[in-house]
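Structural characterization, general
Here is what each chain is made of, one letter per residue.
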Amino acid sequence: MRSFLENLPLVDHHCHGVVALDLDRPRFEALFSEGHRPVAGCTQFDKPLGLAIRRLCAPALDLPAFADPDAYIARRRALGAEEVNRRLIGDGAVAELLVDTGHRSDAILDPAGLTALTGIPAREIVRIEALMEQVAKTAGSGADLRRGFDALLAERAKGAAGLKSIVAYRVTFDIDQTDPTHGEVEAAGDRWLAALADGSARRLEDPVLIRYALWRAAEHCRAHRYPLQLHVGYGDQDIFMPKCDPTHFTPFIKAVEAWDFAITLLHCWPFIREAAFLAEVFSNVYFDVGVILNYTGPSAPRIMAEAMELAPFYKQLYSSDAFGLAELHYLGARLFREALADVLSGWIAGGLATVADAERIATLIASENARRIYPAA
Amino acid sequence: MRSFLENLPLVDHHCHGVVALDLDRPRFEALFSEGHRPVAGCTQFDKPLGLAIRRLCAPALDLPAFADPDAYIARRRALGAEEVNRRLIGDGAVAELLVDTGHRSDAILDPAGLTALTGIPAREIVRIEALMEQVAKTAGSGADLRRGFDALLAERAKGAAGLKSIVAYRVTFDIDQTDPTHGEVEAAGDRWLAALADGSARRLEDPVLIRYALWRAAEHCRAHRYPLQLHVGYGDQDIFMPKCDPTHFTPFIKAVEAWDFAITLLHCWPFIREAAFLAEVFSNVYFDVGVILNYTGPSAPRIMAEAMELAPFYKQLYSSDAFGLAELHYLGARLFREALADVLSGWIAGGLATVADAERIATLIASENARRIYPAA
Amino acid sequence: MRSFLENLPLVDHHCHGVVALDLDRPRFEALFSEGHRPVAGCTQFDKPLGLAIRRLCAPALDLPAFADPDAYIARRRALGAEEVNRRLIGDGAVAELLVDTGHRSDAILDPAGLTALTGIPAREIVRIEALMEQVAKTAGSGADLRRGFDALLAERAKGAAGLKSIVAYRVTFDIDQTDPTHGEVEAAGDRWLAALADGSARRLEDPVLIRYALWRAAEHCRAHRYPLQLHVGYGDQDIFMPKCDPTHFTPFIKAVEAWDFAITLLHCWPFIREAAFLAEVFSNVYFDVGVILNYTGPSAPRIMAEAMELAPFYKQLYSSDAFGLAELHYLGARLFREALADVLSGWIAGGLATVADAERIATLIASENARRIYPAA
């Protein structure tokens, strides 16, 4: 299975751009930590993801496996960011990139920049909270905000491969999940614009506005027949994890099931089993275990084994969720392939699946499921 | 261990009847999915349970392992439902069936029908919510409903092997867990009967009425010294999973611990560790991992390994939770035996238990624990 | 790795004293169950921890591995409690004990007693709820209670190696996490003292008083630059598990992150992944999987594998959480070493880490992390 998977092209249905500049060690380390404050005497290489970088990325930059962190950073700078990014993203593993452009987009390459660098086709996933925040910069009232959001979303949805919400980050999944009235939305908009003006708010964290954005996004996904991505679970300090279990979002999922567009649950850890349950019982739910394969490095096969327990094979997807570092693109693909090969080889060895079954399963998860639900424009 | 377990009779303490009719492919597939709407281009065979059916059930119907789904369905129809059901349930693995008769009982064989077909003794587990719904059909008032429920429960409890509640399905475990007053119950009954009459309610979803039923059930379990079964976790779209963690039900469990009847937690996934914790700290808690071994197929040993982590060996039980398809009875037994053999063989190989220990543990879980807590009438 | 780990000294950063008296079988069994009521016909040896005692402790008392429980108890009594305690705790595995003195301290050896018996240096961890309960015995008013607690905490904090809270046990983590005002605290103190006087309260379960104790403890940890330990997850019947997930305590953790003292999450099971997540995103969070390695016995490597998935290697600690029985000290150390060796050997065998990496990781977790955050006085 390992050689079959090594030659299997991937569709990375959720990733971000990378930094185009050379990085020193502190800036490099900061890009693979979800925390902010360094701990005295410790380094980000002293964790599972650090081991994976030294094992897999060092050889890709012509160093021996498990090179020392300082040697790695030195080699990275000697090659230059452009060459490093080209090698690590454009190594042939990934056939298409679906790129979330809604997070710190000024600091990283955009989809066109990624394609220019690597030759890999890239399409855009539009983050709806970022659109609402963009409209808020010039909206004079809640009514303005609502109408401006509608217009911008309609325009951006046209060229996109899908839409994305980070509702779990901003207000958790444990909220009223109905579509608010225009009156409620405009009143919430007035309050939020005032809070932005007086500095008491900084970003979109109002559940009424986010619910409005979600329901409009759902309508566009239905019309364009493409997915709505939802951030689930693992993230940074802003996550309030007890309420990021996606089964809290059952009412919304159920309400739009008949609309027949895919809801793709991203990352999911530590709620992998909950995501798999939703994928089994709701026809519209898909999921991946992106980002967490990278962060668990040597334990990535454990994560993949859990993702493969229950869910239909036609409901799983590949993503790297790489942000900032080309290493995270590279590792995402390498660790996914290793981990899935590990699980499927075990099934074949145990007589639990045929080789043909295993190859079909791998192909579905690596690319075919994504191609089916994110159709080319 | 595998051959020891292959010859070890099982008590299936929680299962349902099977459909006695021949099934075409769509109807067959619908019976092994917890969801309702098919996904275009995909089939229920493309999931772990589908692999398990092809691997294990195909040979039981004289086909090669991993036969193609269409060939499987054709062979099933050629043999006829009666022969298939007899072969798959009556293969000698199961020594006794405890049958929940409260779900879609008109569509499937009853306990007597299962015994007639297979020769396996079968006893009834009575579902309390179904009794309340039955009484509601003719009750004229909340007071009528309460008294009618009391009378019907007393009668049905006499011949039963145990009682069962699906409180988690209907109102979750995150409810007030005290015994309501008669006044509260009768008022709730009046409201529910009115809602049934005007069509705004369809089934029992009132927490006051369900709490009343639970406490009366507990009294009968105490008197008859047999278990109260509780559905936990995995199920269909009606489950609101965040509140189906059985540790939410700690107040009820603690309140009846001194009554000294067993509370048997069914399925439990994804709350297996929570169930095992309750089994360790409360003398009255038992559990199984029924249904989920079937749905995880190749990964069933992972589930069993988790169930074996913490819990006392005298607190675990076997169940298939098979409903509708004889395949689910057959796989339940086969996968349980394979998975438990896998775990215990690993312990023996690692020097972590003796062969005698392992055989004793297997026998407790396979049948002895169930025989102890569900005594013959 | 196994021989490297067998010679690696451990710092047990969370344990308790042991009973100095000889024990008969019922009293011995009661000390390794988190429940209270025995189940007819079953024994505590019929669980994973029972297997581990027979496998590992029997040889340490000159019996064959897997000796029969009665033979084990007889041998234990023949050797006498003092010799058993000395052998099992003082076998060279543990270099330092950090001892929680706040639970049933009259029944077990104190830190000095442990050192006298075993020669192992022992320092005290002070449990803040126990201090508040001690002050309540003589306080005449809420104001008295507050001031008395401040004074006693200041005194006891001076000689301690760290402080500990069992907030999760008493009021769960799902509480307001702000520092209450003096007025609120004193009013809560008045109410609690009255309830103690009329017998309606028995111990400290008031969230306002516990929040006050937590914030004062945080100030002392900041001043003394040592950890605040928090009980998480696994415990006895008093635990309300749904709200003991440590991610519920994110607001408190975030509020004190800049104070730069360690918060050490104890046990964590079944919230190991949640603890690892907090350790990744918050610079002040550390954790262990103490107690649960003992209670899972043969499955301890599964637990350790989960603990090693995500968390930085510089954020994990060793503890036994042994209470009452010297066996639990001995097994804690043995199972930790076996389980960590198991995980790291797998990484080396798979080419996922070098031997040097694995040895460094083992040393950090076994002792160096604890030495860094619990500096010698």
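What follows concerns the relation of the copies chain C and chain A. Expressed as a screw transformation, the operator carrying chain C onto chain A has a rotation angle of 120 degrees and an axial translation of 0.0 Å, and the superposed copies differ by an RMSD of 0.0 Å. Given the turn and translation reported, the copies of this chain are related as if by a three-fold rotation axis. In terms of proximity to the rotation axis, the leading residue of chain C is Pro242 of chain C, whose C-alpha is 5.5 Å off the axis. Different-surface contact between copies: only 6% of interface residues of chain C are shared with the interface of chain A.

Turning our eyes to something else, we now look at the sheet that holds strand β3 (residues 122–127) of chain A. Sheet strands line up and pair through hydrogen bonds in the backbone, either parallel or antiparallel. Residues and elements named next belong to chain A. Spatially, the seven strands line up as an open sheet ordered β1-β2-β3-β4-β5-β6-β7, and their pairing is parallel. On the outer flanks of this sheet lie β1 (10–15) and β7 (285–287), each paired with one strand and no other. Sheet twist, expressed as the average angle between the axes of neighbouring strands with direction ignored, equals 25 degrees. Pairing analysis gives four bridges linking β1 to strand β2 (residues 94–100), with the strands arranged parallel. Along β2, the bridge assignment pairs Asp12 with Leu97. The sheet contacts of helix α13 (residues 272–281) involve β6 (263–267) and β7, and relative to β7 the element is tilted by about 145 degrees.

What follows deals with the packing of aromatic side chains. Residue and element names in this part refer to chain B. Across all of its chains, the model carries 42 aromatic pairs over all chains by this definition. An angle of 75 degrees between the planes, with centres 5.4 Å apart, marks the rings of Phe32 and Phe45 as edge-to-face. With Phe32 in the loop between α2 (25–30) and α3 (48–60) and Phe45 in the loop between α2 and α3, this pair connects stretches of sequence that are 13 residues apart. By relative accessible area, which is 0% here, Phe32 ends up buried.

This part is about helix α17 (residues 355–373) of chain B. An ideal rise of 1.5 Å per residue puts 27 Å on 19 residues; α17 of chain B measures up with 26 Å between its terminal C-alpha atoms. Considering bend angle alone, the principal kink of α17 of chain B is centred on Leu364 of chain B and spans about 55 degrees. For α17 of chain B, the full list of buried residues reads Asp357, Ala358, Ile361, Ala362, Thr363, Leu364, Ile365, Ala366, Ser367, Asn369, Ala370 and Ile373 of chain B. In this fold, the buried residues of α17 of chain B make contact with α1 (2–6), β1 (10–15), β6 (263–267), β7 (285–287) and α16 (326–349) of chain B together with α3 (48–60) of chain C.

This part covers the environment of Thr363 of chain C. All names here are of chain C. Within the secondary structure layout, Thr363 lies in helix α17 (residues 355–373). Thr363 has contacts with Phe4, Leu8 and Glu368, leaving out every residue within four places of it along the chain. Within the structure, Thr363 has its side chain in polar contact with the backbone oxygen of Glu359 (distance 2.7 Å).

Criteria and thresholds
- Residues numbered from 1 in each chain as written.
- Chains lettered and ligands numbered in written order.
- Predicted model: local features only at pLDDT ≥ 70, side-chain atom pairs only at ≥ 80, totals over all residues.
- Heavy atoms only, no water.
- Least-squares fit on C-alpha atoms with pLDDT ≥ 70 in both.
- Contact = heavy atoms within 4.5 Å.
- Pairing = 2+ DSSP bridges.
- Helix = DSSP H or I, 4+ residues; strand = E, 2+ residues; numbered from the N terminus.
- Axes fitted to C-alpha atoms, helices over the stretch in contact; angles between N-to-C directions.
- Phe/Tyr/Trp six-rings, centres within 6.5 Å; stacked < 30°, edge-to-face > 60°.
- Buried < 20%, exposed > 50% of the residue type's maximum accessible area, 1.4 Å probe, protein only.
- Expected span 1.5 Å × (residues − 1).
- Bend = angle between axes of the 7 residues up to and from the residue.
- Polar contact = N/O pair within 3.5 Å; in protein donor to acceptor, adjacent residues only side chain to side chain.

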